[in-house]
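# Structural characterization, general
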Amino acid sequence: MRQRFFWLVLVLVLPWLVACGAGTPTGSEPTTDASGGEAAIPDDGVDRARLSRELYFYNWSDYINPEILTQFEEEYGVRVIVDIFDSNEDMIAKIRAGNSGYDVVAPSDYAVQIMALDDLVAPLDQALVPNMQYLDPGLLNKYFDPDNAISLPYLYGLTGIAYNRTFFPEGITSWSVLFDSAQLPAFRGRFSMLDDERETPGAVLKYLGASINATDPAILQQVEAILIAQKPFLASYNSSDVNRRLSSEEFILAHAWSGAAMQARTGLGDEFSGNANIEFVIPDEGGAIWMDNLVILRESPNAYTAHVFINFLLRPDVAAANADYVGYLTPNEAAIPLLSQEVRDLYAAGFAPDDAMLERLEWIERNEDTVVFTELWTRVKGQ
Ligand code: N2P
């Protein structure tokens, strides 16, 4: 008798429960009601009916935690397809050509400015990105986008030297290890320089005691001569898998980005394992500090979804999971306390700047004269 009563109640109540939508809303359900009235906005403010099914993110290599992409797809029903580039200039050439198919791109500081001047980027609707409140104000309103009208910080980092401590027990303090022709024969074929028209001449400029943005012809002639003299000893110009080659000890030394060095040290997810002997240093002569930013392309048909994705990346828990994985620095202040102890210890060990280091770091900038770096780099690579 009892049992029959239970089933009766269930049969009566179930349709009512379903009609009220008492079940947990699933990510991909349209949220506009059938009468065409106001959209029923879920708690997170995202209008799921406006989301595209896919989003194309053009990003640097080894520069996003794949788990957060899975999480985004689970939460919003949007599949993010990531394609990679290894230099701002390659990326810009592709976007300039048109019909790239990408929605969101991650240009560095000076490259945001180049893309803005070329009108490649869509305006950003800050109202759709409330999580920007978590960003470090010191990293907002930078010279390349003074009001954050088109970009928001993604990750930032440093450029210096990564090396294997077993081969350099005394440590490294100067760029001379990479540019002094007397020192190079000892590591012939076991080191790389970034494949980058601003970073690589920029490292030589720091070695020479000049600004990373110097364009004076006399100094650039010296830079070119030093890079050409270095070439016979170099394994490769490499901005893509220095992390792997350092960790396997194929390379013992590299001009490298801080996160790539951290990846070589700790390993990267399921990709490769770490090497405890990898160190990272900003030489005494100084190095670069840079920041990569999220922009939405003018040609993107999915600007709304792109904003939702950017807002997701700026959620403190997501930003922390990402920075923990990639080893770069998060501009998200609220994410910092959520980082793993291992990553925070490595930050303290030189993979993030302290005040003294900050004084030796310079931002790469763009102006009418910096086009000379393209020509210099073409000549160096063509040698
Ligand atoms: C990661 C690239 C770091 C971005 N492989 C350099 N701006």
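Residues numbered from 1 in each chain as written. Predicted model: local features only at pLDDT ≥ 70, side-chain atom pairs only at ≥ 80, totals over all residues. Heavy atoms only, no water.

- Within an unreviewed UniProt entry, the label attached to the chain reads Spermidine/putrescine ABC transporter substrate-binding protein, and the organism entered is Candidatus Chloroploca mongolica.

## What to know about the site of the ligand
- Lining the immediate surroundings of the ligand are Trp 60, Ser 61, Tyr 63, Ser 108, Trp 257, Trp 290, Asp 292 and Tyr 328.
- At a separation of 2.7 Å, a nitrogen atom of the ligand approaches a polar backbone atom of Ser 61.
- Side-chain polar atom of Asp 292 to a nitrogen atom of the ligand: 3.0 Å apart, as the coordinates give it.
- The fraction of the free accessible surface of the ligand (270 Å²) that becomes covered by protein chains is 96%.
- Per-class residue counts for the shell around the ligand are 5 nonpolar, 2 polar and 1 charged. (Near = heavy atom within 4 Å. Polar contact = N/O pair within 3.5 Å; in protein donor to acceptor, adjacent residues only side chain to side chain. Areas by Shrake-Rupley, 256 points an atom, 1.4 Å probe, with all protein chains shown as cover. Nonpolar A, V, L, I, M, F, W, Y, C, P; charged D, E, K, R; others polar.)

## Remarks on the nonpolar core
- The biggest cluster of nonpolar side chains holds 96 residues, and the ones touching the most others in it are Phe 57, Ile 95, Val 105, Leu 152 and Phe 309.
- Among all residues touching Phe 57, those that are not within four sequence positions of it are Ile 64, Val 80, Ile 81, Val 82, Asp 83, Val 104, Val 105, Ala 106, Tyr 154, Leu 294 and Phe 309.
- Counting 32 residues, the second-largest nonpolar core is a separate cluster that includes Ile 161, Val 204, Leu 253 and Val 281. (Core = buried A, V, L, I, M, F, W, Y, C linked by side-chain atoms within 4.5 Å. Buried < 20%, exposed > 50% of the residue type's maximum accessible area, 1.4 Å probe, protein only. Contact = heavy atoms within 4.5 Å.)

## Some details on the side chain of Ser 247
- With respect to the helices and strands, Ser 247 occurs in helix α8 (residues 242-247).
- Residue Ser 247 is classed as buried on the basis of its relative accessible area of 14%. (Helix = DSSP H or I, 4+ residues; strand = E, 2+ residues; numbered from the N terminus.)

## Quick word on the pairing of strand β11 (residues 287-296)
- Burial analysis of β11 places 10 of its 10 residues in the buried class, which makes it a mostly covered element.
- As defined by bridge partners, strand β3 (residues 104-105) adjoins β11 across 2 bridges and the pair is classed as antiparallel. Across the sheet, Val 104 pairs through a bridge with Ile 296, a residue of β11.
- Relative to β11, strand β4 (residues 152-164) is paired through 7 bridges, and the arrangement is antiparallel. The residue bridging Tyr 156 from the neighbouring strand is Met 291, located in β11. (Pairing = 2+ DSSP bridges.)

## What to know about helix α3 (residues 88-96)
- Within α3, burial applies to Asn 88, Met 91, Ile 92 and Ile 95. Angular distribution of buried residues about the axis of α3 spans 95°; they occupy a single face of the element.
- On the buried face of α3, the contacting elements are β1 (54-60), β2 (79-85), β3 and α4 (109-117).
- Backbone geometry just after α3 places Gly 98 at a positive phi near 90°. (Arc of directions from axis to C-beta.)

## Some details on the environment of Arg 190
- Structurally, the position occupied by Arg 190 is in the loop between α5 (176-179) and β5 (191-193).
- Spatially, the C-alpha atom of Arg 190 lies 8.5 Å from that of Glu 249, the residues being 59 residues apart in sequence.
- Beyond its immediate stretch of four places on either side in the chain, Arg 190 contacts Phe 167, Ala 235, Glu 249, Glu 250, Phe 251, Ile 252 and Leu 253.
- One polar contact links the side chain of Arg 190 to the main-chain carbonyl oxygen of Glu 249, over a distance of 2.6 Å.

## A closer look at the packing of aromatic side chains
- Under the defined criterion, the tally for this structure stands at 22 aromatic pairs.
- Between Tyr 63 and Tyr 328 the ring centres are 5.0 Å apart and the planes differ by 90°, which places this aromatic pair in the edge-to-face class. Here Tyr 63 is found in the loop between β1 and α2 (66-76), whereas its partner Tyr 328 is found in the loop between α11 (316-326) and α12 (341-351), with 265 residues between them in sequence. Like Tyr 328, Tyr 63 is buried.
- Taken together, a centroid distance of 4.9 Å and an interplanar angle of 65° make the contact between Tyr 237 and Trp 377 edge-to-face. Note that Tyr 237 is positioned in strand β6 (residues 236-237) and Trp 377 in helix α14 (residues 372-382), a separation of 140 residues in sequence. With respect to burial, Tyr 237 and Trp 377 carry one shared label: buried.
- The ring of Tyr 110 carries the charged tip of Arg 198 above its face, separated from the ring centre by 5.5 Å. (Phe/Tyr/Trp six-rings, centres within 6.5 Å; stacked < 30°, edge-to-face > 60°. Lys NZ or Arg CZ within 6 Å of the ring centre and 35° of its normal.)

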